[in-house]
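So you can see what is in the structure, the chains are spelled out below.
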Number of protein chains: 2
Amino acid sequence: MTSTDLPVLPAPRLDLPAPDVRDAVASAALLADPIRAGILRLLADGPHCVCEMAAALGARENNVSNHLARMREAGLVRASRHTVNARFQYYERDDLAVATARAALLEVLR
Amino acid sequence: MTSTDLPVLPAPRLDLPAPDVRDAVASAALLADPIRAGILRLLADGPHCVCEMAAALGARENNVSNHLARMREAGLVRASRHTVNARFQYYERDDLAVATARAALLEVLR
DNA sequence: CTGATATCTCAGCGATTGGTGAGATGTTCC
DNA sequence: GGAACATCTCACCAATCGCTGAGATATCAG
């Protein structure tokens, strides 16, 4: 034994492994905007067209369309034209992608 | 009857209620940063001091301290000095606040 | 007390981001 | 075809955000 039996100092552990939170951060960034979060919440109840969501959220349609483009690239939503009136783009959630995002966030908020 | 029995037009619903996503957006904004998300992930396994988290995350200590201040104000984490060596501020998660944030996010990602 | 350590605070700067405005594309109605 | 409608794209600008650097505070060791 070296010297005494004094209680061990708090000895900060400076070798902790870095947690990988990239997926959670990417998902959170998509949710961290009132329009994008509102879109996801609206689409949780079923498909909607751009003008419906813009009206519900009190936002301009081209603004909503911009956000939808980002969410499309991220794979969170899909668009398809209405079969009766093809002027309307109806958006719906990609439930698998949403589940993946949810899992990534829960890994941090566990 | 008015005229015919043609299929009803898609008739966008322009009177949908605006979903309230403010809490989810606030929680997502806190998670939408690699350092803050990393801190939460580290604290999920137990308390840590600032220098430990800074080392694990590869960030400077004053930077980590800045983010911790924001998370403290949001109520997500608590700080207390180590009883043996009071130089160290040990941070721990507020599990109730984390549960609230999780619930707000799941309300959108439902 | 002095120097080293751990943390905090904050002004300033550069990068990122969301909204706006204008124009383009595609579709329906007449 | 032409007008109205629904959506998309993108450059531009203002606001926001995170990092840095410097200095302040608090604690501990000798």
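As the structure is a computational prediction, the values presented were derived from the model and not from experiment.

The rules behind the values
Residues numbered from 1 in each chain as written. Chains lettered and ligands numbered in written order. Predicted model: local features only at pLDDT ≥ 70, side-chain atom pairs only at ≥ 80, totals over all residues. Near = placed C-beta within 6 Å. Helix = DSSP H or I, 4+ residues; strand = E, 2+ residues; numbered from the N terminus. Nonpolar A, V, L, I, M, F, W, Y, C, P; charged D, E, K, R; others polar. Least-squares fit on C-alpha atoms with pLDDT ≥ 70 in both. Expected span 1.5 Å × (residues − 1). Buried ≥ 20, exposed ≤ 12 C-beta atoms within 10 Å, placed from the backbone. Arc of directions from axis to C-beta. Core = buried A, V, L, I, M, F, W, Y, C linked by C-beta atoms within 7 Å. Contact = placed C-beta atoms within 7 Å. Axes fitted to C-alpha atoms, helices over the stretch in contact; angles between N-to-C directions. Parallel < 35°, antiparallel > 145°, perpendicular 65-115°, else oblique. Left-handed = near helix turned anticlockwise from the far one by under 90°. Pairing = 2+ DSSP bridges.

Novice: Explain the protein's contact with DNA strand C to me, and be specific about the residues and the numbers.
Specialist: Lining the immediate environment of DNA strand C, one finds 23 residues, of which Ala86 of chain A together with Cys49, Cys51, Asn62 and Ser65 of chain B sit closest. Elements with a contribution of two residues or more to the surface near DNA strand C: helix 4 (61-73) of chain A together with helix 3 (50-57) and helix 4 (61-73) of chain B. Broken down by class, the residue content of the surface near DNA strand C amounts to 10 nonpolar, 8 polar and 5 charged.

Novice: Provide a residue-level description of the relation of the copies chain A and chain B, including the pertinent values.
Specialist: Note on the identical chains: chain A maps onto chain B by a rotation of 180° and an axial translation of 0.0 Å, with an RMSD of 0.0 Å. Taken together, the rotation and translation describe the operation of a two-fold axis. The C-alpha atom lying nearest the rotation axis in chain A is that of alanine 28 of chain A; the distance is 2.4 Å.

Novice: An account of helix 4 of chain B is requested, with residue identities and associated values reported.
Specialist: Residue and element names in this part refer to chain B. Between its first and last C-alpha atoms helix 4 spans 18 Å; for 13 residues at 1.5 Å apiece the expected length is 18 Å, and the two agree. For helix 4, the full list of buried residues reads Val64, His67, Leu68 and Met71. Along helix 4, the residues classed as buried sweep out an arc of 105° about the axis, all on the same side. Counted as exposed and oriented over 90 degrees from the buried face of helix 4: Asn62, Ala69 and Glu73.

Novice: Outline the nonpolar core, supporting the account with residue identities and numerical values.
Specialist: With 58 residues, the main nonpolar core has Ala28 and Leu31 of chain A together with Ala28 and Leu31 of chain B as its most contacted residues. Other than its neighbours up to four places away in sequence, alanine 28 of chain B contacts Ala28, Leu31, Ala32 and Ala37 of chain A together with Leu105 of chain B.

Novice: Mind laying out the packing of helix 5 (residues 95-109) of chain A against helix 5 (residues 95-109) of chain B, listing which residues take part and the relevant values?
Specialist: At a minimum axis separation of 11 Å, helix 5 of chain A and helix 5 of chain B run at an interaxial angle of 175°. The angle between helix 5 of chain A and helix 5 of chain B places the two elements in the roughly antiparallel class. Listed contacts from helix 5 of chain B to Val98, Ala101, Arg102, Leu105 and Leu109 of chain A of helix 5 of chain A are Val98, Ala101, Arg102, Leu105 and Leu109 of chain B. Here the residues of the contact of helix 5 of chain A with helix 5 of chain B sort into 8 nonpolar, no polar and 2 charged.

Novice: Tell me about the packing of helix 1 (residues 22-31) of chain A against helix 1 (residues 22-31) of chain B, and please be specific about residues and values.
Specialist: In contact at an axis separation of 8 Å, helix 1 of chain A and helix 1 of chain B are set at 145° when each is read in the N-to-C sense. Both helix 1 of chain A and helix 1 of chain B take part in a crossing whose hand is left-handed. On the side of helix 1 of chain A, the interface is formed by Ala24, Val25, Ala28 and Leu31 of chain A, while helix 1 of chain B contributes Ala24, Val25, Ala28 and Leu31 of chain B. Classifying every residue of the contact of helix 1 of chain A with helix 1 of chain B gives 8 nonpolar, no polar and no charged.

Novice: Summarise the protein's contact with DNA strand D; cite the residues concerned and give the values.
Specialist: Residues in contact with DNA strand D amount to 22 residues; listed here are only the nearest, Cys49, Val50, Cys51 and Ser65 of chain A together with Ala86 of chain B. Elements with a contribution of two residues or more to the surface near DNA strand D: helix 3 (50-57) and helix 4 of chain A together with helix 4 of chain B. Ranked by residue count, the leading element in the surface near DNA strand D is helix 4 of chain A, at 6 residues.

Novice: Which residues make up the sheet that holds strand 1 (residues 48-49) of chain A, and what are the values?
Specialist: Residues and elements named next belong to chain A. Sheet architecture is open: 3 strands sit in the order 1-3-2, paired in antiparallel fashion. What marks the edges here is a single partner per strand, and that holds for strand 1 and strand 2 (77-81). As judged from the 5 bridges shared by strand 2 and strand 3 (residues 89-93), these two strands associate in the antiparallel manner. Paired with valine 77 across the strands is arginine 93, a residue of strand 3.

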